[in-house]
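A structural walkthrough
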Amino acid sequence: MTTFDDRASLTDLTATVERVRSSVEGVIEGKPEVVRLSLTVLLAEGHLLIEDVPGVGKTMLAKALARSIDCSVRRVQFTPDLLPSDITGVSIWDQQRRDFEFKPGAIFAQIVIGDEINRASPKTQSALLESMEERQVTIDGQSHELPSPFMVVATQNPVEMEGTYPLPEAQRDRFMARVSVGYPSVEAELQMLDVHGGVSPLEDLQPVAHAHEIVKLIEAVRGVHVSEAVRRYAVELVAATRAHPDLRLGASPRATLHLLRAAKASAALDGRDYALPDDVQELAVAVLAHRLLPTAQAQLNRRTAEQVVLEILQHTAVPASPQRHGGFGSLGRTLPAYPQQPPRGL
């Protein structure tokens, strides 16, 4: 298990994320919860789906996150005529070498921005499946590893918009979380006019963290302690979606894994080396709702997947507070599993 050497290292790594958060919030005004979820997914080695109507800052959020980190970035504008090879790459015959040479596609970057992903055909969308899950691309029988860290930040308009293709269930399940930016408040929109009225703040945005720092922080997140009770709580929440009468498709075991990883990242953002049931509850809607399919009757009754997840949270018992052995930074002392949660740092 990867662990912090001491408590000071946890503080240093949290400071790195704080710099990224401040940088992104300088571009996206009035949406701290959206920025926090984006960072949570990054540290949990997941992929983020940003879904909302046009013009609310979906692409701006993805670009701000990418430019705040000194790493390779590729942006792909998904269109109906985009081919799978445009994303994964293609082997081209080299006349001089008299052999095929692999030309990497846009997916070979540390942060890949997929703009309006649901405007491409399902065939092109499926080109992302292997890379998002296995972090590799297979072309002509040969596998090519993707760089680390690796994150896909995709935006999409609601499926009711013209000229879009709904993401298939397998594709949605690859995304760790879905977030909606939403309309800003009046104060935030007024501030946006001042900041964005002249020059876009993206033009002056400089990297505030290096890729190797993010890799180090990701490794540290893996060492966050999760008690047996919290793990069982996550499993019970996901299992409840599979038996709910308003759902014809519940969450997959991959969703359970994503929920646990996201909870560990959320704990690290708060400067904790242990996960709480609060972390699981806070992320349940973002991690689970986009994977669920309501029944036809539930849709007629205007029941959404988000409402179902909230209902499951209300009816699932929260675990008690058993004792646990301290993880990294605790020097092996026996500590309460769920001590009082400190104020959020991010």
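Computed from a predicted model, the values in this text were never measured in an experiment.

Conventions adopted
Residues numbered from 1 in each chain as written. Predicted model: local features only at pLDDT ≥ 70, side-chain atom pairs only at ≥ 80, totals over all residues. Heavy atoms only, no water. Helix = DSSP H or I, 4+ residues; strand = E, 2+ residues; numbered from the N terminus. Buried < 20%, exposed > 50% of the residue type's maximum accessible area, 1.4 Å probe, protein only. Contact = heavy atoms within 4.5 Å. Areas by Shrake-Rupley, 256 points an atom, 1.4 Å probe, with all protein chains shown as cover. pLDDT = per-residue confidence, 0-100. Core = buried A, V, L, I, M, F, W, Y, C linked by side-chain atoms within 4.5 Å. Patch = residues over 30% accessible without salt bridge, like charges linked within 9 Å, V, L, I, M, F, W, Y side chains within 5 Å. Salt bridge = Lys/Arg side-chain N within 4 Å of Asp/Glu carboxyl O. Phe/Tyr/Trp six-rings, centres within 6.5 Å; stacked < 30°, edge-to-face > 60°. Axes fitted to C-alpha atoms, helices over the stretch in contact; angles between N-to-C directions. Left-handed = near helix turned anticlockwise from the far one by under 90°. Nonpolar A, V, L, I, M, F, W, Y, C, P; charged D, E, K, R; others polar. Pairing = 2+ DSSP bridges.

Let us now look at the overall build of the protein. For the protein, the helix and strand inventory stands at 14 helices and 15 strands. Counting the 346 residues in the protein, one finds 51% classified as buried. Look at the contacts in the protein between residues 6 or more apart in sequence, and 77% of them connect residues 24 or more apart. Just so you have it, the protein exposes about 16400 Å², and 53% of that area is on carbon and sulfur atoms.

A word on the confidence of the model for the protein. When pLDDT is averaged across the protein, the result is 84; 87% of the residues are at 70 or more. When pLDDT is averaged over each helix and strand of the protein, the minimum, 41, is found for strand E15 (residues 334-336) and the maximum, 96, for helix H12 (residues 277-288). Residue range residues 323-346 is modelled with pLDDT below 50. Its contacts to residues more than four positions away, or to other chains, number 64 contacts.

Membership of the largest hydrophobic core comes to 73 residues, with the highest contact counts inside it found for Val24, Leu48, Leu61, Val280 and Leu288. Ranked by residue count, the leading element in this core is helix H11 (residues 253-269), at nine residues. Listed in part, the 23 residues of the second largest apolar core include Phe102, Val112, Ala120 and Ala154.

Our focus in this paragraph is a nonpolar patch on the surface. Together, Val186, Leu190, Met192 and Leu193 give the surface a local cluster of nonpolar side chains, amounting to about 380 Å² of exposed area. Note that Leu190 resides in helix H8 (residues 186-196).

Turning our attention to the packing of aromatic side chains. One pass over the structure, following the stated rule, counts two aromatic pairs. For the pair Trp93 and Phe100, a centre-to-centre distance of 5.1 Å together with 75° between the ring planes defines the contact as edge-to-face. Note on Phe102 and Phe108: the rings are 5.6 Å apart at their centroids and 70° apart in plane angle, and the pair reads as edge-to-face.

Before going further, it helps to spend a moment on the pattern of salt bridges. Counted under the stated rule, the structure contains 20 salt bridges. Between Glu25 and Arg21 there is a salt bridge, and its shortest N-O distance comes to 2.6 Å. With Glu25 and Arg21 both in helix H1 (residues 7-25) and four residues apart, this pair spans about one turn of that helix. Across the salt bridge formed by Arg272 and Asp279, the nearest N and O atoms sit 3.0 Å from each other. Residue Arg272 is classed as buried on the basis of its relative accessible area of 2%.

Now for the packing of helix H10 (residues 228-243) against H11. Relative to each other, H10 and H11 sit at 145°, their axes nearing to 10 Å. In terms of crossing hand, the pair formed by H10 and H11 is right-handed. On the side of H10, the interface is formed by Arg231, Ala234, Val235, Val238 and Arg242, while H11 contributes Pro253, Thr256, Leu259 and Leu260. Across the contact of H10 with H11, the residue classes tally to six nonpolar, one polar and two charged.

Our next topic: the environment of Ser85. Structurally, Ser85 is set in helix H4 (residues 84-88). By relative accessible area, Ser85 is classed as partly exposed at 32%. Considering only alpha carbons, one finds Ser85 and Gly105, 20 residues apart in sequence, at a separation of 6.9 Å.

Quick look at the pairing of strand E1 (residues 48-51) now. Of the two faces of E1, the one holding Leu48 and Ile50 and the one holding Leu49 and Glu51 are both buried throughout. Judged from the four bridges that link them, E1 and strand E9 (residues 151-156) form a sheet pairing that is parallel. By the bridge assignment, Leu48 is partnered in E9 with Val153. Here E1 pairs with strand E10 (residues 177-179) via three bridges, running parallel. Residue pairing across strands places Ile50 opposite Val179, the latter belonging to E10.

What follows concerns the sheet that holds E9. Here we have five strands laid out as an open sheet, ordered E3-E6-E9-E1-E10, and parallel in their pairing. One side of each edge strand has no neighbouring strand; the edge strands of this open sheet are strand E3 (73-77) and E10. For this sheet the average axis-to-axis angle between neighbouring strands, irrespective of direction, equals 15°. Here strand E6 (residues 111-115) runs beside E9; their pairing, made up of four bridges, is parallel. Within E9, the position partnered with Val112 by the bridge is Val152. Most of the contacts of helix H2 (residues 32-43) go to E10, to which it runs at about 160°, and overall it touches E1, E9 and E10.

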